[in-house]
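# Chains, contacts and geometry: an overview
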Amino acid sequence: MNKNLKILVVDDFSTMRRIVKNLLNELGFNDISEADDGKTALPMLQQGSFEFVVTDWNMPGMPGIDLLKAIRADDKLKHLPVLMVTAEAQREQIIEAAKAGVSGYIVKPFTGQTLKEKLDKIFERYAAAA
Amino acid sequence: MPAVDDDIRADFLVEAGELLEKLGPQLVDLEQRPDDPQLLNAVFRAFHTVKGGAGFLSETALVEVCHRAEEIFSVLRSGKRQMDAALMDTTLAAYDEVTRMMEVIKSGGTPAPAPPALLQRLKDQLKAPAVVVAAPPPPASGDTISDDEFEALLDQLHGKPAAVAEPVPPTLAPVAEAPLPAEQQQRRSSDNAPETSVRIDTQKLDAMMNLVGELVLVRNRLKTLRLSSQGASDTDKAVSELDALTSRLQGSVLALRMQPIKKVFSRFPKLVRDLARQLGKEINVVMEGEDTDLDKNLVEALADPLVHMVRNSCDHGIEMPDARAVTGKPRAGTLLLKAQQEGENILIVIKDDGAGIDAERLRRKVVEKGLMTASDAGRLDAQAALELIFMPGFSTKDQVSDLSGRGVGMDVVKSSINALNGTVQLESRLGQGTTFKLRVPLTLAILPTLMVAVAGRTYAIPLPSVIEVTALDSTAVRWLNRKPVLLLRDENLRLVDLARWIDPALPDDDCLSGERHIVVVRVNEGRYGLVVKQVKGREEVVIKPLGALLKGLAGFAGATVTGDGQVALIVDVPSLVHTHEREA
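Notes on the structure in this doc start here. (Residues numbered from 1 in each chain as written. Chains lettered and ligands numbered in written order. Predicted model: local features only at pLDDT ≥ 70, side-chain atom pairs only at ≥ 80, totals over all residues. Heavy atoms only, no water.)

Our next topic: the overall build of chain A. Helix and strand counts for chain A come out as five helices and five strands. Long-range contacts, defined here as pairs at least 24 residues apart, represent 63% of the contacts in chain A between residues at least 6 apart. When the accessible area of chain A is evaluated, it comes to approximately 4,600 Å², of which 50% is carbon and sulfur surface. (Helix = DSSP H or I, 4+ residues; strand = E, 2+ residues; numbered from the N terminus. Contact = heavy atoms within 4.5 Å. Areas by Shrake-Rupley, 256 points an atom, 1.4 Å probe, with all protein chains shown as cover.)

Axis separation between helix 1 (residues 14-26) of chain A and helix 2 (residues 37-56) of chain B bottoms out at 10 Å; the angle between their running directions is 35 degrees. You can see that helix 1 of chain A and helix 2 of chain B cross each other, and the crossing is left-handed. Of the residues in helix 2 of chain B, those in contact with Met16(A), Ile19(A) and Leu23(A) of helix 1 of chain A are Gly52(B), Gly53(B) and Phe56(B). Class assignment for the residues of the contact of helix 1 of chain A with helix 2 of chain B results in four nonpolar, two polar and no charged. (Axes fitted to C-alpha atoms, helices over the stretch in contact; angles between N-to-C directions. Left-handed = near helix turned anticlockwise from the far one by under 90°. Nonpolar A, V, L, I, M, F, W, Y, C, P; charged D, E, K, R; others polar.)

All right, on to helix 2 (residues 38-48) of chain A then. Residue and element names in this part refer to chain A. Those residues of helix 2 not exposed but buried are Gly38, Ala41, Leu42, Met44, Leu45 and Gly48. Backbone nitrogen of lysine 39 and a side-chain oxygen of the N-cap are separated by 3.0 Å at the start of helix 2; the cap is aspartate 37. Backbone geometry just downstream of helix 2 places serine 49 in the positive-phi region, at approximately 50 degrees. (Buried < 20%, exposed > 50% of the residue type's maximum accessible area, 1.4 Å probe, protein only. Polar contact = N/O pair within 3.5 Å; in protein donor to acceptor, adjacent residues only side chain to side chain.)

What follows concerns empty space enclosed by the protein. Tallying each qualifying case throughout the model produces four cavities of 30 Å³ or more. Size it by volume and the largest cavity reaches roughly 100 Å³. Lining the largest cavity we find Leu83(A), Ser103(A), Gly104(A), Tyr105(A), Lys118(A), Lys121(A), Ile122(A), Arg125(A), Asp147(B), Phe150(B), Glu151(B) and Leu154(B). Looking at the lining of the largest cavity, the elements with two or more residues in it are strand 5 (104-107) and helix 5 (112-129) of chain A together with helix 6 (147-158) of chain B. When the residues that make up the lining of the largest cavity are grouped by side-chain class, the tally is five nonpolar, two polar and five charged. For the second largest cavity, the calculated volume is near 50 Å³. Lining the second largest cavity, in full, are Lys483(B), Pro484(B), Arg494(B), Leu495(B), Val496(B), Tyr528(B), His580(B) and Glu581(B). When contributions to the lining of the second largest cavity are tallied by element, the ones reaching two or more residues are strand 12 (483-488), strand 13 (491-497) and helix 19 (573-583) of chain B. The leading source of residues in the lining of the second largest cavity is strand 13 of chain B, at three residues. Class assignment of the residues belonging to the lining of the second largest cavity gives a composition of four nonpolar, one polar and three charged. (1 Å grid on protein atoms, 1.4 Å probe; cavity = no way out; pocket = protein on both sides within 12 Å on 5 of 7 lines; lining within 4 Å. Points joined across faces, edges and corners; volume = space filled by probe spheres on them.)

Across a sheet, strands are paired by hydrogen bonds formed along the backbone, either parallel or antiparallel in direction. Residues and elements named next belong to chain B. Spatial strand order, 2-4-5-7-6: five strands in an open sheet with mixed pairing. Strands with a single pairing partner mark the edges of an open sheet, and in this sheet they are strand 2 (283-288) and strand 6 (423-429). Put simply, the sheet's adjacent strands are angled 15 degrees from each other on average, direction ignored. In this sheet, strand 5 (residues 345-352) lies alongside strand 4 (residues 333-342) in antiparallel orientation, the contact comprising eight bridges. From the neighbouring strand, leucine 337 faces strand 5, where its bridge partner is isoleucine 350. (Pairing = 2+ DSSP bridges.)

Let's shift gears to the packing of helix 1 (residues 6-32) of chain B against helix 11 (residues 268-279) of chain B. All names here are of chain B. Contact geometry for helix 1 and helix 11: axes closest at 8 Å, N-to-C directions at 55 degrees. Between helix 1 and helix 11, the interaxial angle falls into the category oblique. Where helix 1 abuts helix 11, its residues Gly24, Val28 and Glu31 lie against Pro269, Lys270, Arg273 and Arg277. Counted by class, the contact of helix 1 with helix 11 contains two nonpolar, one polar and four charged residues. (Parallel < 35°, antiparallel > 145°, perpendicular 65-115°, else oblique.)

Let us now look at the environment of Leu386(B). Residues and elements named next belong to chain B. Among the structural elements, leucine 386 can be located in helix 16 (residues 382-386). Placed 41 residues apart in sequence, leucine 386 and glutamate 427 show a C-alpha to C-alpha distance of 8.1 Å. Setting aside chain neighbours within four positions, we find leucine 386 in contact with Ile357, Ala359, Leu362, Leu426 and Ser428.

Looking now at the nonpolar core. Residues and elements named next belong to chain B. If you look at the biggest cluster of nonpolar residues, it comprises 65 residues, and the most contacted ones within it are Leu62, Val65 and Phe73. When sequence neighbours within four positions are dropped, the list of residues in contact with leucine 62 reads Phe12, Val50, Ala54, Val98, Met101, Met102 and Ile105. The next biggest cluster of nonpolar side chains, apart from the first, holds 48 residues, and it includes Val307, Leu337, Leu380 and Ile389. (Core = buried A, V, L, I, M, F, W, Y, C linked by side-chain atoms within 4.5 Å.)

With that out of the way, let us pick up the sheet that holds strand 12 of chain B. All names here are of chain B. With mixed pairing, six strands are arranged side by side in an open sheet as 10-14-15-13-12-11. In this open sheet, the two edge strands, each paired with only one partner strand, are strand 10 (466-471) and strand 11 (477-480). Between one strand axis and the next, the sheet turns by 35 degrees as a mean value, whatever way the strands run.

Counted under the stated rule, the structure contains eight aromatic pairs over all chains. Centroid distance Phe13(A) to Phe12(B): 6.3 Å. Interplanar angle 80 degrees. Geometry classified as edge-to-face. Placement of Phe13(A) in the loop between strand 1 (7-10) and helix 1 and of Phe12(B) in helix 1 is noted, with the two residues assigned to different chains. Its guanidinium or amino end placed over the ring of Phe50(A), Lys6(A) lies 4.8 Å from that ring's centre, counting from NZ or CZ. Over the face of the ring belonging to Phe44(B) we find Arg77(B), whose NZ or CZ atom lies 3.6 Å from the ring centre. (Phe/Tyr/Trp six-rings, centres within 6.5 Å; stacked < 30°, edge-to-face > 60°. Lys NZ or Arg CZ within 6 Å of the ring centre and 35° of its normal.)

For the rest of this paragraph, the subject is the pattern of salt bridges. All chains considered together, the criterion is met by 45 salt bridges over all chains. Here Lys21(A) and Glu34(A) are joined by a salt bridge, their closest N and O atoms 3.2 Å apart. Of the two residues, Lys21(A) sits in helix 1 while Glu34(A) sits in strand 2 (residues 32-35), which places them 13 residues apart along the sequence. Accessibility expressed as a relative area gives 18% for Glu34(A), which makes it buried. Between Asp147(B) and Lys118(A) there is a salt bridge, with its nearest N and O atoms 3.1 Å apart. A residue pair is termed interchain when its members come from two chains, as with Asp147(B) in helix 6 and Lys118(A) in helix 5. On the basis of relative accessible area, Asp147(B) is assigned to the partly exposed category, the value being 33%. Accessibility expressed as a relative area gives 13% for Lys118(A), which makes it buried. (Salt bridge = Lys/Arg side-chain N within 4 Å of Asp/Glu carboxyl O.)

Right, here's the structure in full:
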């Protein structure tokens, strides 16, 4: 896995951003930026040459699902892998996210190991598509 | 479960604590605006977010109660169910439980699971959608999806991985391993972070404040040196600049420690609501000036006294709705909490439109309690009679109510405010209500003092307690019970000779042996005259704690360094007088 991957972590709760960031650090990723909402994340993505997005679902200004839709609707960003963090693996919710083009989902709380498996799966899919 | 380090735990406590602090008032607002979608959303998200964080900390008890509350708000915000009184009570009980658990976590423990009765109530509330036609089951209990199903779904949506037609994002291809252009590299770390504020450990702030304090003292010394040496004008200019800069630096470091009084005020709507329900009263809370800033330590120190006063106003001040209606008042009482800056002080007003305090009743009570003779009580003027409530051991309720009567009286409130160099003022009109006015300094880090000399040493007397300074007329000194008293403007002023306080070997009447000055100070309701040799003038000092050997020494609050480089002890006036009275 490319450890230089440039990752954006989006969550309105800074403790959660820190938790996700620490887990990513443990997996060897070090180029991690943070955004506190979909609204702040989008302009960062548009300018920032990010290669991966981990976003929370539930955020006040622009929820994760809307951020995902905005990413898929943007010509420059539409291929960006997006991992969605949710509280429960609600069937309806996950189907909605899948239809909107989510690359994977992960249920809180999770371990570094689970996160790694999720990332591997996403990269597998992208690699297979290459 | 993932192991999470203590830093994250500490972060969680602060951040989730802030969410909960806001949640209390939001829940109370919800009672007024039960359909406000934004409010419902905010409450939902607060429980949701705390739950998410608690999950990573393996705090399962907290996760469970947050989850139950979140489920309820998930249904509420979907419009499938309306808020009602019973649901509100259940929600508030859940909120209280969450707050309790946070306290346990904060003190290093692991909270026990929520009472099963509460969890059951939360579940029942979810099951019983009142007045709703054919409510579908709440989404939270709907079925979940497995990883395999999800993969299959992706295959179905985008085709099997091998068949994905989309070009691969170039950055994910091995090419991306190549170093990025320098320009891009640079941008990486400096990407516009959205946060404009930084959390700082208060210990670091205190250390910084301490250093600035030292700087202020050196500045003071330089200023003194400049005066004595009449040095070159260049030095003069440099010292003036240092003077101005130091003051500004001191100001901005102090500003870092400032927090809005909102931190304390925000708990009151919920507190008052709970009290009102318990007492069967109707009380509205009005808050003004919640954004007024004051020193963090003071915000914390004011919390308990304010809670006590608010409880008092709800319990003793505001009448029952029927009693209010009889006197032509609105059934609901109003409690005003107001904060505003007044120069170097902050003024906090707690005002109710209740029954007011009956001075006659207080007079009778103080006699019944044997705290005062009938004739003494009769001589008190109206204001002095009101202030009996601040007297130790005085409580006007025959039955100690479980609200205000928690073993803490108004005397404790008053002494804790005094300990902050603050004052409490009381106004009350029978039938119209009672107003408490608290004045405390904006910060405790810098203290205006009066510098005095006693037996060749310099002492600093905190200026807030000083009323006046006068020369001692030794012919006006009388002895009462072998204690010196000065007749000053027809009032007997008890004298405390600082020289004898420091050196008890001196004779009783040492203070009459030469030229002396009197610093008149106020301690609670009493006035005392501190006898000093010389009054040097006013100086703003930075308080330094006493070393371990001298810690706890009665009568001294700390030490400071004066402009001429000497160490001066800071007199703790209440403790000095208190100890003096006891010993004499």
